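Structural description and commentary
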Amino acid sequence: AAMRHLPYFCRGEVVKGFGRGSKELGIPTANFSEQVVESFPSDISTGIYYGWACVGNGDVHKMVLSIGWNPFYKNIKKSVETHIIHTFKEDFYGEILSIVITGYIRPEKNFDSIEALISAIQEDIEEAKRQLDLPEHLKLKEDNFFHLPEGKIVNNH
Ligand code: ADP
Ligand code: MG
């Protein structure tokens, strides 16, 4: 069921999140606006996904993505957050993030400790890196979607 909507293409502005402190954990997540999140299929499964991401007209990098319930909105709205597997020199709030989600890793989980959470995310990142090297996922890195003119909001072209 999680795979039904994949690959899923999405483009939108990076907005300020609600300060879960992802960056302090060493795993910053670029959040999409509520409007972009609303444009996702309402029946898309929450959980951890992977795919490709590009900021502005920059390079295309591997990413892991979480679709989860947003505590800021009392868990009635979803949040969509992308951790790009790349070290950026600066933050990129306000820039246009383009992503293609190509695969699903696991459902959302609660963890007993921050350490357990971080190690699960590190495993997700390793899994994403491996999967994305397979031809069926790798081919989407070169998709024309990433070379469309910047600024246009395009969902599921
Ligand atoms: P917020 O709660 O505002 O989303 P985070 O702690 O999740 O704060 O940090 C996210 C921000 O960090 C992004 O919006 C982006 O500007 C910046 N950032 C820097 N490097 C990355 C990266 N590799 N992946 C995602 N965001 C990054
Ligand atoms: Mg974030």
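Criteria and cut-off values
Residues numbered from 1 in each chain as written. Chains lettered and ligands numbered in written order. Predicted model: local features only at pLDDT ≥ 70, side-chain atom pairs only at ≥ 80, totals over all residues. Heavy atoms only, no water. UniProt positions renumbered as here; feature names shortened; annotations may be inferred. Phe/Tyr/Trp six-rings, centres within 6.5 Å; stacked < 30°, edge-to-face > 60°. Buried < 20%, exposed > 50% of the residue type's maximum accessible area, 1.4 Å probe, protein only. Lys NZ or Arg CZ within 6 Å of the ring centre and 35° of its normal. Salt bridge = Lys/Arg side-chain N within 4 Å of Asp/Glu carboxyl O. Helix = DSSP H or I, 4+ residues; strand = E, 2+ residues; numbered from the N terminus. Donors = N, O, S within 2.8 Å, 3.2 Å for Na, K, Ca; no water. Pairing = 2+ DSSP bridges. Near = heavy atom within 4 Å. Polar contact = N/O pair within 3.5 Å; in protein donor to acceptor, adjacent residues only side chain to side chain. Areas by Shrake-Rupley, 256 points an atom, 1.4 Å probe, with all protein chains shown as cover. Nonpolar A, V, L, I, M, F, W, Y, C, P; charged D, E, K, R; others polar.

An unreviewed UniProt entry lists the chain under the name Riboflavin kinase, from Eudyptula minor. Per its UniProt entry, the chain bears the Pathway (unreviewed entry) comment "Cofactor biosynthesis; FMN biosynthesis; FMN from riboflavin (ATP route): step 1/1." If you open the UniProt record of the chain and go to Catalytic activity (unreviewed entry), you find "riboflavin + ATP = FMN + ADP + H(+)".

A few words on the packing of aromatic side chains. Throughout the structure, instances matching the rule amount to five aromatic pairs. Look at phenylalanine 145 and phenylalanine 146: their rings are 5.5 Å apart centre to centre, the planes differ by 65°, and that puts the pair in the edge-to-face class. By relative accessible area, phenylalanine 145 is classed as buried at 0%. Through pairs of rings, three or more aromatic residues link up here, namely Phe9, Phe145 and Phe146. The side chain of arginine 11 reaches across the aromatic face of phenylalanine 145, ending 4.6 Å from its centre.

This paragraph deals with the pattern of salt bridges. One pass over the structure, following the stated rule, counts eight salt bridges. Aspartate 124 is the partner of arginine 106 in a salt bridge, and the nearest nitrogen-oxygen pair spans 2.7 Å. In this pair, arginine 106 is assigned in strand β6 (residues 96–106) and aspartate 124 in helix α2 (residues 114–132), connecting sequence segments 18 residues apart. A relative accessible area of 12% places arginine 106 in the buried class. Its relative accessible area of 6% is what places aspartate 124 among the buried residues. For arginine 130, the salt bridge is made with glutamate 127, and the minimal N-O distance between the two is 2.9 Å. With arginine 130 and glutamate 127 both in helix α2 and three residues apart, this pair spans about one turn of that helix.

The next subject is the coordination of the magnesium ion (ligand 2). Protein coordination at the magnesium ion (ligand 2) comes from Thr29 (O), Thr29 (OG1) and Asn31 (OD1), with a distance range of 2.2 to 2.3 Å. For threonine 29, a relative accessible area of 25% gives the class partly exposed.

Looking now at the pairing of strand β3 (residues 47–55). Judged by how many residues are buried, β3 sits mostly within the fold: nine of nine residues are covered. A loop of four residues connects β3 with strand β4 (residues 60–69), the two strands running antiparallel in sequence, and glycine 56 in this loop sits at a positive phi of about 55°.

Around ligand 1 lies a shell of 19 residues, among which Gly17, Asn31, Ile84, Phe92 and Tyr93 are the nearest. In this structure, a nitrogen atom belonging to ligand 1 sits 3.0 Å away from a main-chain N or O atom of histidine 86. Protein coverage of the free-state accessible area of ligand 1, which is 570 Å², stands at 93%. Among the elements that make up the shell around ligand 1, the one with the highest residue count is strand β5 (residues 78–84) (three residues). For the shell around ligand 1, a count of residues per class yields eight nonpolar, eight polar and three charged.

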